[in-house]
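# Chains, contacts and geometry: an overview
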Amino acid sequence: MKQKIVIKLSMASDKSRSKAMVLAAKADGVSKMGITGDGKDRLEVEGEGVDAVCLVKCLRRKIGHAEILQVEEVKPAEKEKKPEEPKVVPLPYWYPHHYYQPPYPWC
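Residues numbered from 1 in each chain as written. Predicted model: local features only at pLDDT ≥ 70, side-chain atom pairs only at ≥ 80, totals over all residues. Heavy atoms only, no water.

## With respect to the environment of Gly49
Within the fold, Gly49 resides in the loop between strand S3 (42-48) and helix H2 (52-62). By relative accessible area, Gly49 is classed as exposed at 59%. Expressed as a C-alpha distance, the spacing of Gly49 and Lys15, which sit 34 residues apart in the sequence, is 28 Å. (Helix = DSSP H or I, 4+ residues; strand = E, 2+ residues; numbered from the N terminus. Buried < 20%, exposed > 50% of the residue type's maximum accessible area, 1.4 Å probe, protein only.)

Written out as structure tokens, the structure reads:
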């Protein structure tokens, strides 16, 4: 099950933001991540089988205050249905009723 986790962090500088990104990238199952929010204080992590509690615990040790804001399941995008192309049926080949024969050379 693919899930999206939003974590609020106390990130004051670019150094702490990059450190949080590195820590999130090392977590098992993470496929996408990014920093969002008005104050750039939220870390969005997306992946399959990500342990949110373990990730927050690691971020608290290395960076500071961190709390889970949201955990939700990500549903795959629906593919647009293309109209089916008509099947091409080969036409049977009809032999003509008579065959052309060239005249014999001795005639």
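That shown, we press on.
## With respect to a nonpolar patch on the surface
A surface patch of nonpolar side chains, about 250 Å² in accessible area, is lined by Val53, Ile68 and Val71. Note that Val71 resides in strand S4 (residues 66-73). (Patch = residues over 30% accessible without salt bridge, like charges linked within 9 Å, V, L, I, M, F, W, Y side chains within 5 Å. Areas by Shrake-Rupley, 256 points an atom, 1.4 Å probe, with all protein chains shown as cover. Salt bridge = Lys/Arg side-chain N within 4 Å of Asp/Glu carboxyl O.)

## Some details on the pattern of salt bridges
Counting across every chain of the model gives 2 salt bridges. Between Lys4 and Glu44 there is a salt bridge, with the nearest N and O atoms lying 3.7 Å from each other. Placement of Lys4 in strand S1 (residues 2-9) and of Glu44 in strand S3 is noted, with a sequence separation of 40 residues between them. A relative accessible area of 23% places Lys4 in the partly exposed class. Glu44 gets classed as partly exposed once you look at its relative accessible area, which sits at 25%. Where Asp14 meets Arg17, a salt bridge forms, and the shortest distance between an N and an O atom there is 2.9 Å. With Asp14 and Arg17 both in helix H1 (residues 14-26) and 3 residues apart, the pair spans about one turn of that helix. Here Asp14 falls in the exposed class, since its relative accessible area comes to 60%.

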